[in-house]
Amino acid sequence: MDVSHIIDSLNEPQREAVTCGPSSQLVLAGAGSGKTRVLVHRIAWLIEVEQIPPFGILAVTFTNKAASEMRGRIEELLGTPAGGMWVGTFHGLAHRLLRRHWQEAGLPQQFQILDSDDQLRMVKRSIRSLDLDDKQWPPKQSQWYINARKDEGMRAAHIEDMGDATLQQLVNIYKTYETLCKRAGVVDFAELLLRSLELIRNNPELLQHYQQRFRHILIDEFQDTNELQYAWLRLLAGTKNPVFAVGDDDQSIYGWRGAKIENIQNFSKDYPNSRLVKMEQNYRSTSTILNAANAIIANNSSRLGKSLWTEDEHGDPIKLYSAFNEIDEASFIAGQIQRWVELGKRRKDAAILYRSNAQSRVFESTFIEQGIPYQVYGGQRFFERAEIKDALAYLRITVNRDDDTSFERIVNHPPRGIGEKTISTLRDLARSENLSLWEAANKSLQHSLLNNRAKTAIEKFVVLINELSNEIDSLVLNEQVGQVIETSCLKDHYLKREGEEKGKNRGENLDELVSAASSFNYKPEDEHVNMDFLSAFLTHAALEAGNAQGDSDEDCVQMMTMHSAKGLEFPLVFIGGLEEGLFPHQNSINEEGRLEEERRLFYVAITRARKQLFITYAEQRQLYGNTLLGSPSQFIREIPKELIEEIRPHMNAYSAPNTRAYGNTRVVEESASGFSSGDYIHHEKFGDGVIITIEGNGQSARVQINFSNVGSKWLVMGYANLQKR
DNA sequence: ATATAGAATCTTTTT
DNA sequence: GATTCTATAT
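This structure is a prediction, so every number in the text was calculated from the model and none was measured. (Residues numbered from 1 in each chain as written. Chains lettered and ligands numbered in written order. Predicted model: local features only at pLDDT ≥ 70, side-chain atom pairs only at ≥ 80, totals over all residues. Heavy atoms only, no water.)

A. Fine view of the overall build of chain A. The number of helices and strands found in chain A is 26 helices and 22 strands. When the backbone C-alpha atoms are referred to their principal axes, chain A occupies close to 80 × 80 × 60 Å. The buried share of chain A, reckoned over its 725 residues, is 55%. Within chain A, contacts between residues at least 6 apart in sequence are counted, and of these 74% link residues at least 24 apart. For chain A, the computed accessible surface area is about 32100 Å², with 47% contributed by carbon and sulfur atoms. (Helix = DSSP H or I, 4+ residues; strand = E, 2+ residues; numbered from the N terminus. Buried < 20%, exposed > 50% of the residue type's maximum accessible area, 1.4 Å probe, protein only. Contact = heavy atoms within 4.5 Å. Areas by Shrake-Rupley, 256 points an atom, 1.4 Å probe, with all protein chains shown as cover.)

Here it is as structure tokens:
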């Protein structure tokens, strides 16, 4: 058999990974080492050489983009569609399992998916229904708590509160939230995974069926898996099926949202007979860039250990520019890009990376001023826009009347005279009789529990939804969407309330929703999943919220956070804001684990560059209204000096000793109290520390102090009684 | 039900 | 500084 098309283009370690027998493997794939290529070729090898039917392969990724890219490349390599193969995101595949086995999973057939925004509303309702003050129990925090527990595989019932009142209350909120979701027939993102894990764990026949089916499991970006996702994988793989995990511990930058770098570190223990392959040859960057990346990441402990190399040339040194302030930084970068363009290069080959989104503002205004086209990544996504979610909520409630999240969203939107008081009557009724809001509304009508005005309004709403539901029953998807927009009068509402500009824009988005529905081609590829078009479309909207912005056809400079740059590459890269406190971010500086994650982020950012890398920092920066004096990031000093060329070395990042051991940012203005940030102080109770920030003046000023024993605290100057040291 | 003012918040993000 | 939420008035 001719396997040359599969293995010829591979280097030694890649080939080793691709052609390996049926044992589990951990492929440590450094940045730019051909990670996707190995996954794709491995699957082709399994199908063509090992004669595994596509049916027997499960390949998991994190994003829809990665999944569709993988499928596309596999089919290209095979020259035929790989039908029956399961390729998708964790959430997409878990969703599929739940649709297939909704009964065993204890879900209604028409269950809907909550996105984070819907989830937050639901958490708010849970808190309110417990009569808790949402000042004291911030919904965001509760949402975070619930998701964190679910990501660990924990239900409210599993949590021991150990007599801790706060914890007890959080568990209560979690419990109530579970009840409300069940009653509404909705599941959140984490629930998709947890529920499907429980589904196969509690149904031995099902588990056996899938374990026998999926003889090979492959996982991309393994370092980003959380506890729940890894448990899900291991359960599906069982003891016999090999797991092919590809990842890079040095690129683990999502610990803050539950990713467990430990998973990749423990893989070899969990699969004792597994093989380890390291792919260290880089096909992207110059050796200068790689040497810098290697040197930086070497400062991290507990790595699996990897060192990138290339056959490419040295290339230009890394350029370091110390800007006077953030405006100077932006115009320096703009100037460099102008030069790049004058050399005949494309703007879209240049990228500006930064730590936090707030930094994009100055870049944007500078680029607008100079007339340089640019594109900012991230931000609002299509299906998350308010007007789109409104229309979807109408659609959802026609599918499932008990969907309380949708009910609350649209019951008085556009306004139809149903006020807070009426709604809260319905909520109380729903709570005491264990009904959905829709059921409560109907009951209140039957038993005349409302005053006349409210009664008429509610009646009108109920009739509206029922009629809408009938009307669209016989229509095709895009007509259904159009009808909903028509009947709901959403367009008029927005136009009236938000004026020409904004309202018109919302209207256009609603039109866009109709065209999205027209071009939505749902092919029921899974004969065991029986979804109508509308449900499939609603699922699609929740699970694939769409790109934050369409690809512009114009030649644009790319601006994005370092996080969203992962997986991309650009010939010319600028990394801005290399100041202590900004990057590494203040909140990460004092914890070793988090500092290492910041360093990995820097490693990711650096390895995006192919040919030329610029690093900039500002000595002075306006941030949130105050002017901060920053000192160069400690990361700059981790780059070997000989790889760097300082462009305007009037404040030498190397020779200037970093005298301030802590925050390194200080407010310029001396506050009237005689203290300023950077001062070393002593506090009677908390001990020694250093002032990081001062907000306000005199005795009423709020000061943030980093104490060596108790960490960072906010104190009021008048009460703190600080002593200078 | 909306308009306005004051307060609070400001790291990273996919599903 | 900019935006988004919340309380209060009309």
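B. Representation of the protein's contact with DNA strand B. Residues in contact with DNA strand B amount to 27 residues; listed here are only the nearest, Asn64, Arg355, Asn357, Thr561 and Arg594. The sugar-phosphate share of atoms of DNA strand B within 4 Å of the protein amounts to 56%. One of the side-chain nitrogen or oxygen atoms of Arg381 is found 3.0 Å away from a phosphate oxygen of DNA strand B. Contacts to DNA strand B include His585, whose side-chain N or O atom sits 3.3 Å from a sugar or linking oxygen. (Near = heavy atom within 4 Å. Polar contact = N/O pair within 3.5 Å; in protein donor to acceptor, adjacent residues only side chain to side chain.)

C. Layout of the domain arrangement of chain A. Taken domain by domain, chain A holds domain 1 (3–102 + 194–281), domain 2 (112–184), domain 3 (318–381 + 548–647), domain 4 (383–540) and domain 5 (679–724). For domain 2 versus domain 4, the distance between C-alpha centres works out to 25 Å. Facing the 14 residues of domain 2 at the interface are 20 residues of domain 4. Overall, the association of domain 2 and domain 4 removes approximately 1500 Å² of surface from exposure, summing both partners, and the carbon and sulfur fraction of that is 38%. (Domains from an automatic or database assignment. Buried area = accessible area lost by both parts, 1.4 Å probe.)

D. Local environment of the pairing of strand S10 (residues 350–354). Judged by how many residues are buried, S10 sits mostly within the fold: five of five residues are covered. A two-sided burial pattern is seen for S10, the buried positions comprising Ala350, Ile352 and Tyr354 on one face and Ala351 and Leu353 on the other. Relative to strand S13 (residues 570–575), S10 is paired through four bridges, and the arrangement is parallel. The residue bridging Ile352 from the neighbouring strand is Phe574, located in S13. Direction of pairing for S10 relative to strand S12 (residues 557–561): parallel, over a ladder of four bridges. When the bridges of S12 are listed, Ala351 appears paired with Gln558. (Pairing = 2+ DSSP bridges.)

E. Representation of the pattern of salt bridges. By the definition in use, this model includes 45 salt bridges. Among the ionic pairs, Arg427 bridges to Glu408, the shortest N-O distance being 2.8 Å. Taken as a pair, Arg427 in helix H18 (residues 420–433) and Glu408 in helix H17 (residues 404–410) lie far apart in primary sequence, 19 residues in all. When its relative accessible area of 15% is taken as the criterion, Arg427 is described as buried. Bridged by salt links that share partners, the residues Asp115, Asp117, Asp118, Arg121, Lys389, Asp390, Arg396, Asp403 and Arg409 form one connected network. (Salt bridge = Lys/Arg side-chain N within 4 Å of Asp/Glu carboxyl O.)

F. Focus on unusual backbone geometry. With an omega of 0 degrees, the peptide bond between His413 and Pro414 qualifies as cis. Note on placement: Pro414 falls in the loop between H17 and H18. Cis geometry marks the peptide bond from Phe583 to Pro584; its omega dihedral reads 5 degrees. Following the sequence through the fold, Pro584 ends up in the loop between S13 and helix H24 (586–589). Here the phi dihedral of Glu221 falls at roughly 50 degrees; this positive angle occurs in a residue that is not glycine. Considering the arrangement of structural elements, one finds Glu221 in the loop between strand S6 (216–219) and helix H11 (227–237). Even without a glycine there, the phi angle at Ser448 is positive, about 50 degrees. Looking at the element boundaries, Ser448 is found in the loop between helix H19 (437–446) and helix H20 (452–473).

G. Layout of the UniProt feature "domain: UvrD-like helicase ATP-binding" (unreviewed entry) in chain A. What UniProt calls "domain: UvrD-like helicase ATP-binding" (unreviewed entry) maps, in this numbering, to residues 8–286. The span residues 8–286 shows a helical share of 50% and a strand share of 11%, and its end C-alpha atoms are spaced 24 Å apart. (UniProt positions renumbered as here; feature names shortened; annotations may be inferred.)

H. How the structure looks around the protein's contact with DNA strand C. Around DNA strand C sit Lys135, Tyr624 and Gly625, and those are all the residues in its vicinity. Within 4 Å of the protein, the contacting atoms of DNA strand C are drawn from sugar and phosphate to the extent of 20%.

I. Spotlight on the environment of Pro53. Assignment of secondary structure puts Pro53 in the loop between helix H3 (35–48) and strand S2 (57–61). On the accessibility criterion, Pro53 (35% relative accessible area) is partly exposed.

J. A look at the nonpolar core. Ranked by internal contacts, the top residues of the largest apolar core, which has 51 residues, are Phe383, Phe407 and Phe537. Elements represented by at least two residues in this core include exactly helix H16 (386–399), H17, H18, H19, H20, helix H21 (477–488), helix H22 (490–518) and helix H23 (533–543). Ranked by the residues each element gives to this core, the list is headed by H20, at nine residues. With near-sequence residues (within four places) excluded, Phe383 lies in contact with Ile388, Lys389, Leu392, Leu513, Phe537, His540, Ala541, Glu544, Ala545 and Gly546. (Core = buried A, V, L, I, M, F, W, Y, C linked by side-chain atoms within 4.5 Å.)

K. Region of interest: the packing of H18 against H19. Packing of H18 against H19 brings their axes to within 8 Å, and their N-to-C directions diverge by 105 degrees. Relative to H19, the element H18 lies roughly perpendicular. Packed against H18, whose contacting residues are Leu426, Arg427, Leu429, Ala430 and Glu433, the element H19 presents Leu437, Ala440, Ala441, Lys443 and Ser444 at the interface. Across the contact of H18 with H19, the residue classes break down as six nonpolar, one polar and three charged. (Axes fitted to C-alpha atoms, helices over the stretch in contact; angles between N-to-C directions. Parallel < 35°, antiparallel > 145°, perpendicular 65-115°, else oblique. Nonpolar A, V, L, I, M, F, W, Y, C, P; charged D, E, K, R; others polar.)

L. Structural detail: the sheet that holds S6. Taken together, six strands build an open sheet; the order of strands is S3-S2-S6-S7-S1-S8 and the sheet is parallel. Because the sheet does not close on itself, it has two edges, and the strands there are strand S3 (86–89) and strand S8 (275–279). Going across the sheet, the axis of each strand differs from the next one's by a mean of 15 degrees, ignoring polarity. Sitting on the sheet, helix H2 (residues 12–19) touches strand S1 (25–29), strand S7 (243–247) and S8, and the angle it makes with S8 is about 145 degrees. Contacting S2, S6 and S7, H11 crosses the sheet at an angle of about 160 degrees to S6.

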